Amino acid sequence: MKVPLLDLQAQYATIKDEVRAAVDSVFESQRFVLGTHVAALEGEIAKLCDAPYAVGVASGTDALLLSLKALGVGPGDSVVTVPFTFFATAGTIVNLGARPLFVDIERAGFEMDPESLASFFERECAFDKKTQRTIHKPSDTTVKAIVPVHLYGQCVNMDEILAIARRFSLPVVEDACQAIGATYKGRCAGALGDLGCFSFFPSKNLGGAGDGGMVITSDSRLAERVRLLRTHGSHPKYYHSIVGYNSRLDELQAAVLRVKLPHLAQWSKSRGENAARYNDDFKAAGLLSFITPPSILPDRSHIFHQYVIRCAKRDELQQWLKDAGIGTEIYYPVSLHEQECFRYLGYAAENLPESHAASKETLALPIYPELDDAQRRYVVDSIAAFYRDRVKGVRA
Ligand SMILES: *Cc1c(COP(=O)(O)O)cnc(C)c1O
């Protein structure tokens, strides 16, 4: 048996005719940039998230870049985020000429740890009442924003993050690229802070046929600014008061995404059902002393963009599963504070111990909606066989 990490062909088979008709409609219109599908999708995402404004952009990376740029992040500034995330979370900060400052994650949910955030401000920052700025003392930069990441499809502890942000008058940009449709206290990921960023990369829960992204906000001024930034800062056409980018959501992508959007809730629900079955299977197989399934934290729904376990002998297990024809992935094998390109920031691995540990202990298993019972059991049986091979007392 073969079980891929993600099977997009299985998904495509269920919506092929609709996707083809949507793509045809764009070709018939010959309107490829900022057409009716982009505007309609913006409205649909805004409605889904209960956010007043949504702006389609070229990728999740650009959603972050334009959001930070809209907040005025630039040289001499810094942005506080976590290192256990996809590269773009920090890469965009650096590409704006600013400095990423890392705080650690919580063990249970792999999300920004409010305690780590609070103690970071206490130890390293000072609020200057005169200029109303928060200065990061060691780097002598102005802290401009906080970027929590709703990793794997579950929200951070947003109330506590927002409370700390308010204390320092700092805006919060949510990296919700993995969490579209996830909720925190009944409200949607992306609509909890000042700006929320989504990615439509093909492997995300709502994935296009290429790159795409979106920014949502309840601040009309910020929405207008992101809208301006995605077309070179041009308004009216060919008049530029600011310098922007070429970062529009493609009309073809929007057309495909509009076909997929009505299925998103069901797909995410199926992922959640698969997750619950894995949890039961792992328990029944007596595997809980070797692996820790993901936990759903209080007040939150989880859309299981990834189903990530903590496990003993991670790299050996991954190889074992590969040999058994099972696709897995490590998200992410090197915490950003340990990346070569960020050596100049001066972090040691042990400065952010939970991020470091997560990079060494976690493994993502197949969780896509079309994963069937036989495939899931094969994954569980293969994991049980791995530990039985090495440790006595594991039942098959
Ligand atoms: C996917 C992702 C991004 C970047 O999105 P792209 O559309 O690939 O540019 C940013 N942050 C996180 C956490 C992601 O998972």
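None of the values given here were measured: they were computed from a predicted structure. (Residues numbered from 1 in each chain as written. Predicted model: local features only at pLDDT ≥ 70, side-chain atom pairs only at ≥ 80, totals over all residues. Heavy atoms only, no water.)

J.: Even after reading the chapter, I still don't get the domain arrangement of the protein, so can you show me in this structure?
T.: By a frequent convention, interface size equals the accessible area lost on bringing the separate parts together. Looking at the protein, the domain boundaries give domain 1 (8-262) and domain 2 (264-390). Its C-alpha centre places domain 1 at a distance of 25 Å from the equivalent point of domain 2. Buried area between domain 1 and domain 2, both sides added, is near 3700 Å², and the carbon and sulfur share of it is 59%. For the pair domain 1 and domain 2, the number of links is 23 residue pairs in polar contact (both at pLDDT 80 or more). Going through the elements one at a time, helix H1 (8-29), helix H4 (88-95), strand E3 (99-102) and strand E8 (183-184) are the ones with two or more residues in the side of domain 1 that touches domain 2. Per element, the largest residue contribution to the side of domain 1 that touches domain 2 is four residues, and it comes from E3. Taken together, the residues that form the side of domain 1 that touches domain 2 break down as 27 nonpolar, eleven polar and six charged. (Domains from an automatic or database assignment. Buried area = accessible area lost by both parts, 1.4 Å probe. Polar contact = N/O pair within 3.5 Å; in protein donor to acceptor, adjacent residues only side chain to side chain. Helix = DSSP H or I, 4+ residues; strand = E, 2+ residues; numbered from the N terminus. Nonpolar A, V, L, I, M, F, W, Y, C, P; charged D, E, K, R; others polar.)

J.: Would you mind going over the sheet that holds strand E6 (residues 141-147) with me for this structure?
T.: Strand pairing in a sheet is mediated by backbone hydrogen bonds. Such pairs are either parallel or antiparallel. Strand order in the open sheet formed by five strands is E3-E2-E6-E5-E4, with mixed pairing between adjacent strands. Looking at the sheet topology across the chains shown, the edges are occupied by E3 and strand E4 (125-128). Going across the sheet, the axis of each strand differs from the next one's by a mean of 45°, ignoring polarity. Relative to E6, strand E5 (residues 133-136) is paired through three bridges, and the arrangement is antiparallel. Looking at the pairing, His 136 lines up with Thr 141 of E6. (Pairing = 2+ DSSP bridges. Axes fitted to C-alpha atoms, helices over the stretch in contact; angles between N-to-C directions.)

J.: What exactly am I supposed to notice about the sheet that holds strand E13 (residues 307-311) here?
T.: With antiparallel pairing, three strands are arranged side by side in an open sheet as E12-E13-E14. Looking at the sheet topology across the chains shown, the edges are occupied by strand E12 (291-292) and strand E14 (362-365). The pairing of E13 with E14 spans four bridges and is classified as antiparallel. Note that in E14 the partner of Arg 310 across the bridge is Thr 362. Together, E12, E13 and E14 form the strand contacts of helix H9 (residues 264-284), whose direction differs from that of E13 by roughly 25°. (Contact = heavy atoms within 4.5 Å.)

J.: What exactly am I supposed to notice about the packing of aromatic side chains here?
T.: Aromatic ring pairs are described here by two measures, namely the spacing of the ring centres and the angle between the planes. Overall, the coordinates contain 18 aromatic pairs when judged by the stated rule. Residues Phe 87 and Phe 342 carry aromatic rings whose centres are separated by 5.6 Å and whose planes lie at 10° to one another, so their mutual orientation is stacked. One end of the pair, Phe 87, is in the loop between strand E2 (77-81) and H4; the other, Phe 342, is in the loop between helix H10 (314-323) and helix H11 (353-361), and 255 residues separate them in sequence. Accessibility expressed as a relative area gives 38% for Phe 87, which makes it partly exposed. Here the aromatic residues Phe 84, Phe 86, Phe 110, Tyr 152, Tyr 331 and Tyr 332 are joined through ring pairs into a cluster of three or more. (Phe/Tyr/Trp six-rings, centres within 6.5 Å; stacked < 30°, edge-to-face > 60°. Buried < 20%, exposed > 50% of the residue type's maximum accessible area, 1.4 Å probe, protein only.)

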